[in-house]
Amino acid sequence: MANLLLGQVLSFEGDLFAGGSARVDEALLIEDGRVLAVGPAARLRALRPGARVTDYGRDLISAGFIDAHVHFPQTAIIASWGKRLIDWLNSYTFPEEMRFADPAYAEEVAGRYFDLALAHGTTSMCSYATIHPASVEAFFDGAAARGLRVFAGKTCMDRNAPEGLRDTAQSAYDDSKRLLEKWHGVGRLSYVITPRFSPTSTPEQLAALGALWREYPDCLMQTHLSEQTDEIEWVRSLFPQARDYLDTYETQGLLREGAVYGHAIHLTPRERARLAEAGASLVHCPTSNTFIGSGLFDMGLAGSLRVGLATDTGGGSSFSMLRTMAAAYEVAQLRGQALHPSQLWWLATCGSARALRCEDRIGNLSPGMEADVVVVNLASTGAIEQATRRAESLWEQVFPTVMMGDDRAIRAVWVAGRPR
Ligand code: GUN
Ligand code: ZN
């Protein structure tokens, strides 16, 4: 059965960092899990006279948010105090990830994570699991039960991690391959080859995962790149032959289209040039980069690269892509750039979809796209409501929600054409 949603329906044409534009329509028509049409309410009613109508008034109807880099196993340690990256990993992250040796715990946290993400309007995500294959199973089972389009992989680490959180080059290859063959392309699930980052993988492990990626070239590969200066120094000492951090991936076959690098803050000119040449994607994680004290991502890169937006939960300090847009705005201001609210919204939807190379399926509301939808109340708190009273344009109406909104702004979520 068709569903007709009335409100302020937001969609995008083109890249908002390269001359693209946003548009607003009165109505969205959904059928069989996909967008059938966007346009004037009367025209869409005529297309499907029997459609069930839901009137959202002045609410904004958008493609669901896409969180392009998250660690679902870190759900419970979000907002852990006082550490920078390496100490934060050793003090909080690794002990928590150890608990995922228990499949029942993995299942419980995966469910809790999905429910939190959906409550915040996030309908797709690209997640790291832990080194335990059961954590990948728990994540994909939870996503499939909710009908979500998701991306995830087993995190691989064969050094500089505690006993119990290390695999080997061979077991990382074997486990990743088995999980990939079981899950990749099943329904809305995609497997992502996932070396955590160069400090926790030997060159042999990176090479093994590079070889796996050559066998399955349509998969994504995700990892971390140049997040903190101490981390970069550490990489230099672990890989004395490498030209730079990116080179530790590049020489092992882990740089090409479909590579998705989180953070990518402190890049050299060579790294920038190679990333663009190779067609790689970067993911901006602004609440994490400020919370862990990593640095200020250069949004200027969006002109030459696919750039997505992400919470990086639990390094990030929120499950909300609205809070994440606000942080992206503030970080850009600190670099002297004012991002337009339309660009922030585009990053959280289309931008993340492009970074994950699925922009032909999700991240926008145009005919044929999968109908993952978030309905946002643009006056969800007293502070936001009073700030919108003088708004003369849609974006003046939206910006207070971008800067001050959270899960209270999420009126409804639709997944694959069905209301949650
Ligand atoms: N670098 C390697 N692992 C991690 C992680 O779990 N979170 C963040 N923010 N950075 C990392
Ligand atoms: Zn991360």
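First things first, this report covers the structure right here in the doc. (Residues numbered from 1 in each chain as written. Chains lettered and ligands numbered in written order. Predicted model: local features only at pLDDT ≥ 70, side-chain atom pairs only at ≥ 80, totals over all residues. Heavy atoms only, no water.)

Things to note about the coordination of the zinc ion (ligand 2)
And step 1. Those protein atoms acting as donors to the zinc ion (ligand 2) are His69 (NE2), His71 (NE2), His224 (NE2) and Asp312 (OD), and they sit at 2.0 to 2.6 Å.
And step 2. Seen from the zinc ion (ligand 2), its four donor atoms lie at angles of 87 to 163°, and the figure they make is irregular. (Donors = N, O, S within 2.8 Å, 3.2 Å for Na, K, Ca; no water. Tetrahedral: all angles 85-135°; square planar, octahedral: opposite > 155°, others 65-115°.)

Some thoughts on the pairing of strand 15 (residues 410–415)
And step 1. With five of its six residues buried, strand 15 lies for the most part within the structure.
And step 2. Of the strand pairs in this sheet, strand 14 (residues 373–376) and strand 15 are connected by four bridges, and their pairing is antiparallel. Note on strand 15: the bridge partner recorded for Val375 is Ala412.
And step 3. The sheet contact formed by strand 15 and strand 16 (residues 418–419) spans two bridges and is antiparallel. In the sheet register, Val415 faces strand 16, and the bridge partner there is Arg418.
And step 4. Counted along the chain from strand 15 to the antiparallel partner strand 16, the turn is two residues long, and its residue Ala416 has a positive phi close to 45°. (Buried < 20%, exposed > 50% of the residue type's maximum accessible area, 1.4 Å probe, protein only. Helix = DSSP H or I, 4+ residues; strand = E, 2+ residues; numbered from the N terminus. Pairing = 2+ DSSP bridges.)

A word on the state of the cysteines
And step 1. Considering all chains together, one arrives at zero disulfides under this definition.
And step 2. There is no disulfide at Cys156, and the cysteine sulfur nearest it, in Cys219, is 12 Å away.
And step 3. With relative accessibility at 0%, the residue Cys156 sits in the buried group.
And step 4. Its sulfur unpaired, Cys358 is 9.0 Å from the next cysteine sulfur, which belongs to Cys126. (Disulfide = S-S within 2.5 Å.)

Observations regarding the packing of aromatic side chains
And step 1. In this structure the tally under the stated criterion is 13 aromatic pairs.
And step 2. Relative to Phe100, the ring of Phe72 lies with its centre 5.9 Å away and its plane at 80°, an arrangement referred to as edge-to-face. Separated by 28 residues along the polypeptide, Phe72 in the loop between strand 5 (65–71) and helix 2 (85–98) and Phe100 in the loop between helix 2 and helix 3 (103–119) bring together distant segments of the chain.
And step 3. With a relative accessible area of 0%, Phe100 lands in the buried category.
And step 4. Taken together, Phe72, Phe100, Tyr105, Tyr113, Phe114, Phe139, Phe140, Trp183 and Phe319 form an aromatic cluster joined through their ring pairs.
And step 5. Between Arg99 and the ring centre of Tyr105, over which it is positioned, the NZ or CZ distance is 4.2 Å.
And step 6. A cation over a ring is seen here: Arg256 above Trp213, with NZ or CZ 3.7 Å from the ring centre. (Phe/Tyr/Trp six-rings, centres within 6.5 Å; stacked < 30°, edge-to-face > 60°. Lys NZ or Arg CZ within 6 Å of the ring centre and 35° of its normal.)

Examining the site of ligand 1
And step 1. In the vicinity of ligand 1 lie 13 residues, with His71, Gln74, Arg196, Glu227 and Asp312 positioned nearest.
And step 2. Residue Glu227 places a side-chain N or O atom 2.7 Å away from a nitrogen atom belonging to ligand 1.
And step 3. Bound to the protein, ligand 1 loses 100% of the 270 Å² it would expose on its own.
And step 4. Taken together, the residues that form the shell around ligand 1 break down as five nonpolar, five polar and three charged. (Near = heavy atom within 4 Å. Polar contact = N/O pair within 3.5 Å; in protein donor to acceptor, adjacent residues only side chain to side chain. Areas by Shrake-Rupley, 256 points an atom, 1.4 Å probe, with all protein chains shown as cover. Nonpolar A, V, L, I, M, F, W, Y, C, P; charged D, E, K, R; others polar.)

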